[in-house]
Amino acid sequence: MVNEALPEKGVPAEQVLDEIRGLRAADRPTHGGRLFAYVYDPAVPGLDELAASAHALSAHVNGLDPTAFPSLLAMENALVGAAAKLLGGGPGTTAPDVVGSVTSGGTESLILAVKAARDARPAVERPRIVVPVSGHAAFAKAAHYLGVALDLVPVDPVTLRPAPEAVAAAIGPDTVLVVCSAPSYAHGVVDPVEAIAAAAAAAGVRCHVDACFGGWTLPWLRRLGEPVPAFDFTVPGVTSISVDLHKYAYAPKGVSVLLHRDATLRAPQYFAYADWPGYGMINPVITSTRSGGPIAAAYATLRHIGDDGYLELVRQTRDAVRALADAVQGVDGLRLMAGPESTVVCFTSTDPGLDLFVLVDELTARGWHTQPQLSYGELPASVHLTVTASVAPRVAEFGPDLHDAVAAARAAGPVALPAELLALAGTLTPEALTPELVAGLAASLGLGGGTGGGPLPDRAAVINRLLDAAPVRLREKLLVEFVSLLQRPSY
Ligand SMILES: Cc1ncc(COP(=O)(O)O)c(C=O)c1O
């Protein structure tokens, strides 16, 4: 149980920390190589302590005014330089004028890439962006926030990539940005960046490469001899790239880098305002007050691990990916969605008697935390594993546990949703979803009462099956309502 956040009398520091440790016990394990989503762990001894110390040194520094805190500006510029160099830009390259900003995360980087593209074309009254359906959901969020229309391009159900011709065909006079992923989050495949960027350039449109997820591994994978296609500033037509340092650079959360090929492309990303009596506001990113903590922690992390360190971490990750993919391929009834070409293993079930959502629960029960992905269009439901270096030492344990979990899932059989619930999922319109209906549904699904102290029931297969049966817009509404049930003040 959480205590009240504002007690009448302050509580001693050690007690407060103990309380947080107690709360953390209900969380998924952030370390130990058994969590395949949300957390990126290199298992480098001492790194957490270093990052925490660096974070603490700069936590109260404010990026709102870089002239007041040159330490932050210096570290930000160093991070941008490192990212630019890694991704085909900087002195001596074909993209010598790359500039960038540090943002709070991938979503902020993508929103800003869309904003820069929109504001660079003020004459376009109804701006649009072209995004493959495999593009991250943050592009849809950017479009929604910025009043930009989204033109989705399907992906091939086998290659999981968009056809460059389909992307080219989707570009119209109001298109301000074309997007591709390197790689996509869901399946870990790299889009045909060269062909897409060429199509965008031919139409005079910006092209953003979302390398939030893979930008910090693909260059080293290539150096290890993997066939990584061109995806960075070496590709003509690529105008901006995002890469998250809080993912595979293993920095603590709150740091991504958004790069532009030159300062002219970046200019419309900025927001400046002087039409008020306060300080002249000039924000390169969405947040105004910005803690220096994440930037300092990222700077310390990059400097401590170094290029050779990342090469080794990527090697370990690549080996773990191969071993996990082999384990999946060794199971009858499971199929890899894509050959592992980055740091993702993603598989689906080919056996109607093997319910993936039940399998996910069985893996959780064995201490492996994977991420279920719902079916979408022609794409079947799948299980996603984001693989980090910390998985390498545990990987031999995965195969036997997977076999066990599959046997248990087969024995349990697929989730059978009550017929009335299935009918509801199929026919209910999002508007008809009343709070009472949701509360009843949540209670019947056990939401809000996990035995481990978490908000989810220990078995989530029924919830996933229900969501899977619902059309996209109803899924969204159900998710909003479920999460809003969880977000209630405690007194
Ligand atoms: C390809 C890609 N883009 C963008 C994002 C969004 O990043 P964030 O969660 O840091 O906002 C993610 C997150 O997984 C991602 O994988």
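Residues numbered from 1 in each chain as written. Predicted model: local features only at pLDDT ≥ 70, side-chain atom pairs only at ≥ 80, totals over all residues. Heavy atoms only, no water.

Visitor: What exactly am I supposed to notice about the overall build of the protein chain here?
Guide: Each helix and strand counted, the protein chain has 16 helices and 13 strands in total. In terms of overall dimensions, the protein chain is globule-like: its C-alpha atoms have a radius of gyration of 23 Å, near the 23 Å expected for 491 residues. Seen through its principal axes, the protein chain has C-alpha atoms that stretch 65 × 60 × 50 Å. The burial tally for the protein chain puts 49% of its 491 residues in the buried class. Counting contacts in the protein chain only where the partners sit at least 6 residues apart, residues at least 24 apart contribute 72% of the total. Put simply, the protein chain shows about 22,300 Å² of open surface, and 60% of that area lies on carbon and sulfur atoms. One finds the centroid of the 35 positive side-chain charges in the protein chain at a distance of 3 Å from the centroid of its 49 negative side-chain charges. (Helix = DSSP H or I, 4+ residues; strand = E, 2+ residues; numbered from the N terminus. Rg over C-alpha atoms; globule rule 2.2 N^0.38 Å. Buried < 20%, exposed > 50% of the residue type's maximum accessible area, 1.4 Å probe, protein only. Contact = heavy atoms within 4.5 Å. Areas by Shrake-Rupley, 256 points an atom, 1.4 Å probe, with all protein chains shown as cover. Lys, Arg positive; Asp, Glu negative; His and termini not counted. Charge placed at Lys NZ, Arg CZ, Asp CG, Glu CD.)

Visitor: I'm lost on the sheet that holds strand β11 (residues 344-349) in this one. Help?
Guide: Strand-to-strand pairing in sheets goes through backbone hydrogen bonds, with the strands running parallel or antiparallel. Here we have four strands laid out as an open sheet, ordered β10-β11-β13-β12, and antiparallel in their pairing. Every interior strand has two partners, whereas the edge strands, β10 (334-336) and β12 (371-373), have only one. Sheet twist, expressed as the mean angle between neighbouring strand axes with direction ignored, is 30 degrees. Sheet topology note: the β11/strand β13 (residues 382-386) ladder contains four bridges and is antiparallel. Bridging across to β13, Val344 finds its partner in Thr386. (Pairing = 2+ DSSP bridges. Axes fitted to C-alpha atoms, helices over the stretch in contact; angles between N-to-C directions.)

Visitor: Even after reading the chapter, I still don't get the packing of helix α2 (residues 47-58) against helix α10 (residues 293-329), so can you show me in this structure?
Guide: If you want to describe how two helices pack, look at the angle between their axes and the distance between the axes. Where α2 meets α10, the closest approach of the two axes is 7 Å, and the angle between their N-to-C directions is 140 degrees. At the point where α2 passes α10, the crossing takes the right-handed sense. Contacts between α2 and α10 involve Leu47, Leu50, Ala51, Ala54, His55 and Ser58 from the first element and Gly293, Pro294, Ala296, Ala297, Ala300, Thr301, His304 and Ile305 from the second. For the contact of α2 with α10, the class distribution of residues is nine nonpolar, five polar and no charged. (Left-handed = near helix turned anticlockwise from the far one by under 90°. Nonpolar A, V, L, I, M, F, W, Y, C, P; charged D, E, K, R; others polar.)

Visitor: Quick question: what am I supposed to make of the site of the ligand here?
Guide: Residues in contact with the ligand, as listed here, are Gly105, Gly106, Thr107, Leu110, His136, Tyr185, Asp210, Cys212, Phe213, Asp244, His246 and Lys247. The separation between an oxygen atom of the ligand and a polar side-chain atom of Asp244 is 3.5 Å. For the ligand, an oxygen atom lies 2.9 Å from a polar atom in the side chain of Lys247. In the complex, 83% of the free accessible area of the ligand, which totals 390 Å², lies under the protein chains. Ranked by the residues each element gives to the shell around the ligand, the list is headed by helix α4 (residues 106-119), at three residues. Each residue belonging to the shell around the ligand can be placed in one class, and the counts come to four nonpolar, five polar and three charged. (Near = heavy atom within 4 Å. Polar contact = N/O pair within 3.5 Å; in protein donor to acceptor, adjacent residues only side chain to side chain.)

Visitor: Can you walk me through α4 in this structure?
Guide: Taking 1.5 Å of rise per residue, the 14 residues of α4 would be expected to cover 20 Å, and the 20 Å separating its terminal C-alpha atoms lies within 8% of that figure. For α4, the tally of buried residues reaches 11 of 14 residues, placing the bulk of the element in the interior. Residues Gly106, Glu108, Ser109, Leu110, Ile111, Leu112, Ala113, Val114, Lys115, Ala116 and Ala117 constitute the buried set of α4. (Expected span 1.5 Å × (residues − 1).)

Visitor: I would appreciate a short explanation of the nonpolar core in the present structure.
Guide: Soluble globular proteins: nonpolar side chains tend toward being buried together. Core analysis: the biggest nonpolar cluster contains 71 residues, and Val209, Trp216, Phe231, Leu245, Tyr250, Leu259 and Tyr310 have the highest contact counts within it. If you tally residues by element for this core, the top one is α10, at nine residues. Ignoring anything within four residues of it in the chain, the contact list for Tyr250 reads Tyr40, Asp41, Pro42, Leu47, Leu245, Thr301, Ile305, Tyr310, Leu313, Thr317, Thr388 and Ala389. In this structure, Leu356, Val387, Ala409 and Val415 belong to the second largest nonpolar core, which totals 50 residues. (Core = buried A, V, L, I, M, F, W, Y, C linked by side-chain atoms within 4.5 Å.)

Visitor: Looking at this structure, I do not really get the pattern of salt bridges. What am I missing?
Guide: Note on pairing: side chains with opposite charge can pair once their charged atoms come close. Within this structure, the stated rule accounts for 26 salt bridges. Between Arg318 and Asp319 there is a salt bridge whose closest N-O contact spans 3.1 Å. (Salt bridge = Lys/Arg side-chain N within 4 Å of Asp/Glu carboxyl O.)

Visitor: How do you make sense of the packing of α4 against helix α5 (residues 137-146) when you look at a structure like this?
Guide: Viewed as axis vectors pointing N to C, α4 and α5 meet at an angle of 50 degrees, and their least axial separation amounts to 9 Å. By the angle between their directions, the pair α4 and α5 is classed as oblique. For the crossing formed where α4 meets α5, the hand is right-handed. Residues Thr107, Leu110, Ile111, Val114, Lys115 and Arg118 of α4 pack against Ala138, Phe139, Lys141, Ala142, Tyr145 and Leu146 of α5. Its residues assigned to classes, the contact of α4 with α5 comprises eight nonpolar, one polar and three charged. (Parallel < 35°, antiparallel > 145°, perpendicular 65-115°, else oblique.)

Visitor: Would you mind showing me how to read the environment of Asp361 here?
Guide: Within the secondary structure, Asp361 is located in helix α11 (residues 356-365). Between the C-alpha atom of Asp361 and that of Asp332, which follows or precedes it by 29 residues, the distance is 19 Å. Once residues lying within four places of it in the same chain are set aside, the contact partners of Asp361 are Asp458, Arg459, Ala460 and Ala461. A distance of 3.0 Å separates the side chain of Asp361 from the backbone nitrogen of Ala460, its partner in a polar contact.

Visitor: Help me out: how do you make sense of unusual backbone geometry in this one?
Guide: Most of the time, phi is negative for any residue but glycine, and the peptide bond is trans. Cis geometry is adopted by the peptide bond preceding Pro183, which originates at Ala182 and carries an omega value of -10 degrees. Following the sequence through the fold, Pro183 ends up in the loop between β4 (175-181) and α7 (193-202). Backbone geometry at Tyr38 places phi at a positive 75 degrees, although glycine is not the residue there. By the secondary structure assignment, Tyr38 is in the loop between α1 (13-24) and α2. Of the residues examined, Tyr38 reaches a relative accessible area of 55% and is grouped as exposed.

Visitor: Please clarify how the sheet that holds strand β5 (residues 206-210) should be interpreted in this entry.
Guide: Taken in spatial order, the seven strands of this open sheet run β1-β7-β6-β5-β4-β2-β3, and their pairing is mixed. Two strands in the sheet have a free side with no partner beyond their single neighbour: β1 (99-103) and β3 (149-153). The average angle at which neighbouring strand axes cross in this sheet is 20 degrees, direction not considered. Pairing between β4 and β5: five bridges, direction parallel. From the neighbouring strand, Ser181 faces β5, where its bridge partner is Asp210.

Visitor: Just checking my understanding: could you explain the side chain of Ser390 for this structure?
Guide: Among the structural elements, Ser390 can be located in the loop between β13 and α12 (395-412). Residue class for Ser390 comes out buried when judged on its relative accessible area of 5%.

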